[in-house]
Amino acid sequence: MDFLRPACWEEALAAKAEHPTAVPIAGGTDVMVEINFDHRRPEYLLDLNRVGDLYEWEVGEDSVRLGASVSYTTIMENLRAELPGLALASHTVASPQIRNRGGVGGNLGTASPAGDAHPALLAAGAEVEVQSAGRGTRRIPVDDFYTGVKRNALAADELIRAVHIKKADGPQQFSKVGTRNAMVIAVCAFGLALHPGSRTVRTGIGSAAPTPVRAEAAEEFLNAALEEGGFWDNGRIVPPSVAKRFAELCSGACNPIDDVRGTASYRRHAVGVMARRTLTWTWESYRGTAARTEGVA
């Protein structure tokens, strides 16, 4: 196994172009586990730790640009207001040591359906910035990024440079079920984001299908129910019947398996419970914000 150590982004792209099978490694929290258990033995490892650009983030007027190696700890400590769903998901990642090393770019590169960042990225409508030496830069909507179990839309010569996420304009939540409270791979996970500006709701489901997915039928149902009932304007409590149907549709969006962490039926049930709870939490937060705004006005 050869170890490639580019000193800058341009050198990293050149190395990936010359060695398309090279496996990128930054935090190493996924790759090293696979190597240590002999599940993967790549010909080349592409070490990105010296590429400083990947550790930078920028808060713009409408969105945040996260370098691929920005750590979960950094997100928790610096971007809680702008990216509340992702910050909550970051809190659930493994241990402090892993959160100090791992980042969203690694989650995307591995593309495991159990990656903790995926539900929050789907709910927020993120875009993945990728680049190659020969074809330049493109941005892939996160909905189109996951193509199969641990497979993504990257071409062989492309690397993930950053993730672009719109700043939250409403409450966001993340919930995760595991066999214990820390150092655990998700049995299933759920992310929810309210977008009052567009009067829409987006979801993200992890570890309950071959890829991270959105519950699009549930979103369409809830968007219609909120609009028809005037809930965005009147701030009333979402009726239990609406919350129940939303939860059922979220469960229906799952395509899980039975494994050592949980059964398929349990995963469907748990996703429904998390969907109902996160809807309750986010809507209560939205109602509180709306009431305070009216009080000031």
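What you are looking at is a predicted structure, and each value in this text was computed from that prediction instead of being measured.

(A) Seen up close, the pairing of strand S12 (residues 188–195). Among the 8 residues of S12, 8 are classified as buried, and the element is accordingly described as predominantly covered. The alternating pattern of S12 places Cys188, Phe190, Leu192 and Leu194 on one face and Ala189, Gly191, Ala193 and His195 on the opposite face, and all of these are buried. The pairing of strand S11 (residues 172–177) with S12 spans 6 bridges and is classified as antiparallel. Looking at the pairing, Gln173 lines up with Leu192 of S12. Two strands pair when backbone bridges link them, and S12 and strand S13 (residues 200–206) are joined in this way by 7 bridges, in the antiparallel orientation. Within S13, the position partnered with Leu194 by the bridge is Val201. Connecting the antiparallel pair S12 and S13 is a turn made up of 4 residues, with Arg199 showing a positive phi of about 55°.

(B) Broad picture of the UniProt feature "domain: FAD-binding PCMH-type" (unreviewed entry) in the protein. Per the UniProt record, "domain: FAD-binding PCMH-type" (unreviewed entry) is found at residues 1–170. End C-alpha atoms of residues 1–170 are separated by 47 Å, and the span's content is 33% helix alongside 25% strand.

(C) Local environment of the sheet that holds S13. Taken together, the 3 strands give an open sheet; going across it, the order is S11-S12-S13, and neighbouring strands pair in antiparallel fashion. Every interior strand has two partners, whereas the edge strands, S11 and S13, have only one. Sheet twist, expressed as the mean angle between neighbouring strand axes with direction ignored, is 10°.

(D) View of the domain arrangement of the protein. In terms of domains, the protein is made up of domain 1 (1–47) and domain 2 (172–287). Centre-to-centre, using C-alpha coordinates, domain 1 lies 36 Å away from domain 2.

(E) Focus on the nonpolar core. Formed by 46 residues in total, the largest nonpolar core has its most connected members in Leu66, Leu86, Val104, Leu108, Leu121, Tyr146 and Ile165. Tallying contributions element by element places helix H7 (residues 117–124) first for this core, with 5 residues. Looking at which domains feed residues into this core, each of domain 1 (1–47) and domain 2 (172–287) gives three or more. Among residues more than four places away in sequence, those in contact with Val104 are Leu66, Ala68, Val70, Tyr72, Ile75, Leu86, Ala117, Leu121 and Val163. Core analysis: the second largest hydrophobic core is formed by 32 residues, Ala209, Ala218, Leu222 and Phe231 among them.

(F) Highlighting the pattern of salt bridges. Counted under the stated rule, the structure contains 20 salt bridges. For Glu248, the salt bridge goes to Arg245, with nearest N and O atoms at 3.3 Å. Taken together, the residues Glu248 and Arg245, both in helix H11 (residues 240–252) and 3 residues apart, mark about one turn of the helix. Across the salt bridge formed by Arg267 and Asp259, the nearest N and O atoms sit 3.0 Å from each other. For Arg267, a relative accessible area of 2% gives the class buried. Among the residues examined, Asp259 registers a relative accessible area of 28% and is labelled partly exposed. Each member of the salt-bridge network shares a partner with another, and the members are Arg135, Arg138, Asp157 and Glu158.

(G) Broad picture of the pairing of strand S7 (residues 136–141). As paired elements, strand S6 (residues 127–132) and S7 share 6 bridges and run antiparallel to each other. Considered in S7, the bridge of Glu129 is made with Arg139.

(H) The arrangement of the sheet that holds S7 in detail. Sheet architecture is open: 5 strands sit in the order S4-S5-S10-S6-S7, paired in antiparallel fashion. Each end of this open sheet is capped by a strand with a single partner; those strands are strand S4 (57–59) and S7. Strand-to-strand twist of the sheet, defined as the mean angle between neighbouring strand axes without regard to direction, takes the value 20°. Against the sheet, helix H1 (residues 9–18) contacts S6 and strand S10 (159–166), and its axis sits at roughly 120° relative to S10.

(I) Local environment of the packing of aromatic side chains. In total, this model carries 4 aromatic pairs according to the counting rule given. Aromatic side chains Trp232 and Trp283 sit 5.2 Å apart centroid to centroid with 70° between the ring planes, which places their arrangement in the edge-to-face category. With Trp232 in helix H10 (residues 231–234) and Trp283 in helix H12 (residues 264–296), this pair connects stretches of sequence that are 51 residues apart. Neither residue differs from the other here; Trp232 and Trp283 are each classed as buried. A connected cluster of aromatic rings, assembled from ring pairs, spans Trp232, Trp283 and Tyr286.

Rules and cut-offs
Residues numbered from 1 in each chain as written. Predicted model: local features only at pLDDT ≥ 70, side-chain atom pairs only at ≥ 80, totals over all residues. Heavy atoms only, no water. Buried < 20%, exposed > 50% of the residue type's maximum accessible area, 1.4 Å probe, protein only. Helix = DSSP H or I, 4+ residues; strand = E, 2+ residues; numbered from the N terminus. Pairing = 2+ DSSP bridges. UniProt positions renumbered as here; feature names shortened; annotations may be inferred. Axes fitted to C-alpha atoms, helices over the stretch in contact; angles between N-to-C directions. Domains from an automatic or database assignment. Core = buried A, V, L, I, M, F, W, Y, C linked by side-chain atoms within 4.5 Å. Contact = heavy atoms within 4.5 Å. Salt bridge = Lys/Arg side-chain N within 4 Å of Asp/Glu carboxyl O. Phe/Tyr/Trp six-rings, centres within 6.5 Å; stacked < 30°, edge-to-face > 60°.

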